[in-house]
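Examination of the molecular architecture
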Amino acid sequence: MRREIPLLITGIVGIVFILQYFVPHYPFNMLNAWFSDWFSIIAACAIWLGALNLIKISTVKVYRKKAGWGYPVIIIISFLITVVIGFAGGQDFRAGGSGFDWIYRHSYIPLSSTMFALLAFFVASASYRAFRARNFDATLLLLAAFFVMIGRVPVGDAIAGVIHLPESLMPSNIAVWIMNVINAAGQRAIMIGIALGIVSTSLRVILGIERAYLGGD
Amino acid sequence: MKKEWLIYAGILLISLILFFLVPKPISFSPMVSYIIIGLIALVIVFIFVRTIKGRLVDRRTIFVFVGLAVVLPFFMTVKQPIKLSPEVRILFDAVQDLKPGAKVLVSFDYDPPSAPELQPMAEAFFYYCFKRDLKVIIMGLWPQGPQQAELAIQRTRQIPEIAAKNIQYGVDYINLGFQSGNEFVIQRMGGSFKSMFPNDFYGTPYDSLPLADGVTNFSNIEFSFNLSSGYPGTVEWVQVAVDRYGVRLGSGSTAVQAPQVYPYLDSGQLKGLLGGLNGAAEFEKVVGLGGVDGQPGFKQITGILGKGTKFMVSQSAAHVIVLAFIIIGNAAFFLGDRRRKDKNNDKDSDAKKTDASD
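Let me sum up the structure you'll find in this document. (Residues numbered from 1 in each chain as written. Chains lettered and ligands numbered in written order. Predicted model: local features only at pLDDT ≥ 70, side-chain atom pairs only at ≥ 80, totals over all residues. Heavy atoms only, no water.)

Concerning the overall build of chain B
- When you go through chain B residue by residue, the secondary structure sums to 14 helices and six strands.
- Principal axes of the C-alpha set define a box for chain B whose edges measure 100 × 55 × 45 Å.
- When burial is assessed residue by residue, chain B has 53% of its 358 residues classed as buried.
- Taking the intrachain contacts of chain B between residues at least 6 apart in sequence as the baseline, contacts between residues at least 24 apart amount to 75%. (Helix = DSSP H or I, 4+ residues; strand = E, 2+ residues; numbered from the N terminus. Buried < 20%, exposed > 50% of the residue type's maximum accessible area, 1.4 Å probe, protein only. Contact = heavy atoms within 4.5 Å.)

Section: the side chain of S224(B)
Residues and elements named next belong to chain B.
- Summarising the element assignment, S224 is placed in strand β4 (residues 223-228).
- Separated by 3.3 Å, the side chain of S224 and the backbone oxygen of L105 make a polar contact.
- For S224, the contacting residues outside a window of four places in its chain are L105, W237, V247, R248, L249 and G250. (Polar contact = N/O pair within 3.5 Å; in protein donor to acceptor, adjacent residues only side chain to side chain.)

Let's talk about the packing of helix α7 (residues 171-206) of chain A against helix α11 (residues 258-266) of chain B
- Their axes nearest at 8 Å, the elements α7(A) and α11(B) cross at an angle of 100 degrees. Regarding the angle of α7(A) to α11(B), the classification is roughly perpendicular. Judged by residue contacts, M179(A), N180(A), N183(A), A184(A), Q187(A), R188(A) and M191(A) of α7(A) engage P259(B), Q260(B), Y262(B), P263(B), Y264(B) and D266(B) from α11(B).
- Of the residues in the contact of α7(A) with α11(B), the class split is seven nonpolar, four polar and two charged. (Axes fitted to C-alpha atoms, helices over the stretch in contact; angles between N-to-C directions. Parallel < 35°, antiparallel > 145°, perpendicular 65-115°, else oblique. Nonpolar A, V, L, I, M, F, W, Y, C, P; charged D, E, K, R; others polar.)

Focus on the interface of chain A and chain B
- The partner chain B presents 55 residues to the 58 residues of chain A that form the contact.
- Where chain A abuts chain B, roughly 5,300 Å² becomes buried across the two surfaces, and 62% of that area is made up of carbon and sulfur atoms.
- Looking at the side of chain A facing chain B, the largest losses of area belong to R94(A), Y128(A) and R152(A), adding up to 14% of the total buried there.
- Run the count over chain A and chain B and you get five salt bridges.
- A salt bridge links R152(A) to E87(B), with the shortest nitrogen-to-oxygen separation between them at 3.8 Å.
- Scanning the region where chain A abuts chain B turns up 22 residue pairs in polar contact (both at pLDDT 80 or more).
- Elements supplying a minimum of two residues to the side of chain A that touches chain B: α1 (4-22), α2 (28-63), α4 (99-130), α5 (136-151), α6 (154-162) and α7 of chain A.
- Sorting elements by how many residues they give to the side of chain A that touches chain B places α4(A) first, with 15 residues.
- In terms of residue class, the side of chain A that touches chain B is made up of 32 nonpolar, 15 polar and eleven charged. (Buried area = accessible area lost by both parts, 1.4 Å probe. Salt bridge = Lys/Arg side-chain N within 4 Å of Asp/Glu carboxyl O.)

A look at the packing of aromatic side chains
- Applying the stated rule across the entire model yields 29 aromatic pairs over all chains.
- Geometrically, the ring pair formed by F121(A) and F63(B) is edge-to-face, given 6.1 Å between the ring centres and 85 degrees between the ring planes. Within this pair, whereas F121(A) is found in helix α4, its partner F63(B) is found in helix α3 (residues 59-71), the two belonging to separate chains.
- For the ring pair F333(B) and F334(B), a centre distance of 5.3 Å and an interplane angle of 65 degrees mean the geometry is edge-to-face.
- On the accessibility criterion, F333(B) (15% relative accessible area) is buried.
- The ring of W69(A) has K65(A) sitting right over it, with the charged end atom 5.2 Å from the ring centre.
- The ring of Y128(A) carries R132(A) above its face, with NZ or CZ at 5.6 Å from the centroid. (Phe/Tyr/Trp six-rings, centres within 6.5 Å; stacked < 30°, edge-to-face > 60°. Lys NZ or Arg CZ within 6 Å of the ring centre and 35° of its normal.)

Structural notes on the sheet that holds strand β6 (residues 270-275) of chain B
All names here are of chain B.
- As summarised here, the arrangement of the six strands in space is β3-β2-β1-β4-β5-β6, forming an open sheet in which the pairing is parallel. A strand with exactly one partner marks an edge of an open sheet, and here the two such strands are β3 (173-178) and β6. Taken pair by pair, the neighbouring strands of this sheet meet at an average axis angle of 15 degrees, ignoring direction.
- With four bridges joining them, strand β5 (residues 249-253) and β6 adopt parallel strand pairing. If you follow S253 over to β6, its bridge partner there is G275.
- Across the sheet, helix α4 (residues 86-96) touches β4, β5 and β6, and the angle it forms with β6 is around 125 degrees.
- Across the face of the sheet, α11 comes into contact with β5 and β6 while running at roughly 160 degrees to β6. (Pairing = 2+ DSSP bridges.)

Okay, structure coming up:
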C-alpha cells in the first residue's frame, strides 16, 4: 500500500490536470482548483520543512564539531534572530522601518548580493581560460559571445562609431540579430525537445511506469 | 593564515579611512575619468605585450581589473549614448497604449542577487505607470519579490513628479504579497485572484482594498509585467497566463535568462522584453529617466541618475575588460601553440641530425 496509494494519487491528479485543460467545466474545474490549492499548501509546508531541515543539519554539525562548525553556528543564530524579530513584529513584520525590514535591507540584501557579485570575477577568469578559438565550433561560439558582449553595452557602438562602421554592422545590431535569429532558433529547438521529453516522462509517471520519484525500484 | 588576516585587516582599515576621510560623494571630473580609462588601457596593452613574449597572466590580475572596471565607473562622470532596441520599444508602446486608470499586474519573481539588473527595471516601470495614472497590482512568486517591490515603490515615490501625484496605497497600487505554488498560483489566478491572495502584503483582506474591487481574475487586467530571474518566472507566465488566459505580458529578465524568452517575443506571446541591465537603461531612457542625450532625465528631476543608466557604465567597462582578456588569452593560446610546434620541429630536426650522424 505504501506504493499503491502514492501511485493512485499521482495518476488521478495527473489525469485531472490534463482533462481540465481541455474541459474547463464542472467537475474538472472544481477538481483543478482543489488540487491547485493542495499544491500551494504542500509547497508552503515544504518551505518550513526546508528551514527546519537546515536547522537540524546545522545543529548536528555543531554538536559533532565537524570541520567548519563555526558557520552552522552563524546560521542557527541568524535564523533564530530573524524568526524571533519576524514573529515579534506581528502581521506588519515586513513594513518599512520594522526590525525584519532592517535585517532584510542591511543584512540579507548586501550579503546575498556580495555572494552573487563574486560571479563576475569567476566569469571573467573562466572566459580568459576557456574562450579559445581551438576549432571551428569554438571559434563560432567565441565570435557570437564577442559580438553579444560588445553589442549589449553602449560602448560597442561608440567604438564602432569612431571607426565609421555602417549602421548595419554596428555591434548592437549584430547582437540583436544573433539574439533574434540564431539564439531564438536554437532555443526553440531546445524547448520543443524539452517539451516532448516532459510529455513522455509525465505520461510514464501518470501511468505508473516511472516510479523513481517514489524512491526507485 | 596570519598573512591573509593581515591583508583582510588592511583592506578594512583602508576602507574605514576612505569612508571617514574622503568627502562624499566622490566624483571624478570627465578629464580625470578619461585619464584613468587611458591608464587602464595602457596597462592592458602592456599585459598583451608581456603575453606575446610568453609571460602568462595570473588570474588574480584579472580579478583586480574586473574589480576596477566595476567600481571605478561609479565615481566617473562618463556618459554613454543608450540606443533603443526593438524589444524595449515594443514594451514601451504596449504600456503607452494603456488608458489612464488601466490595471497593470506586476509580478516580482526574483530575489536580491538579481536586484542590480531587475530593480532599475521595476523602478522605471513604476515611474511610468504612476506618471500615466495606471493602477498597479503587485504580487510575487518568489518570497522576496514583494519586499523588493516595496523598495522600488519607495524609491519611485521620491521622484518629485510622482511625489506630487500623492500616490495612495490601496487606491493607486496594492501589494498582494507572496504565494507559494509556482505556476499553480498563476493557474488559480485565472479563476480568482482572491483564492490565492485572500490578504495583501500587510494582512488587509482582499475585499477591503479599493483597487481590488472589480478585479476577479486576469480578464480584469489590461497588461501584465513580469520581472523574472529564473523559475518560476517569465516562461511559466507565458505558458499559463498568456497561452491559457490570453494575458498581455511584458517581461523584464536577467541577462542570463533573456535568451531563453526570445522565442516568445518573436511569436508575439511577449509584448516586449527588457533584457538585463542594458534593457533597464534603455527603458529608463525611453520613459525619461536616463538623463542622457538631452532628454529630461532623472538627474535633472531629482539629482539622482537612473540606476540602470548609472550601472551601465560599470557593465560597459567590465565587458570591455573581459573581452580584452579573452583576446589576450587567445594570443597566449596561439603563440603557445606555435612555440610548441617550433619546439617539436626543433626536436625532430635534432633527431634527424642525430640519425644522420649515426
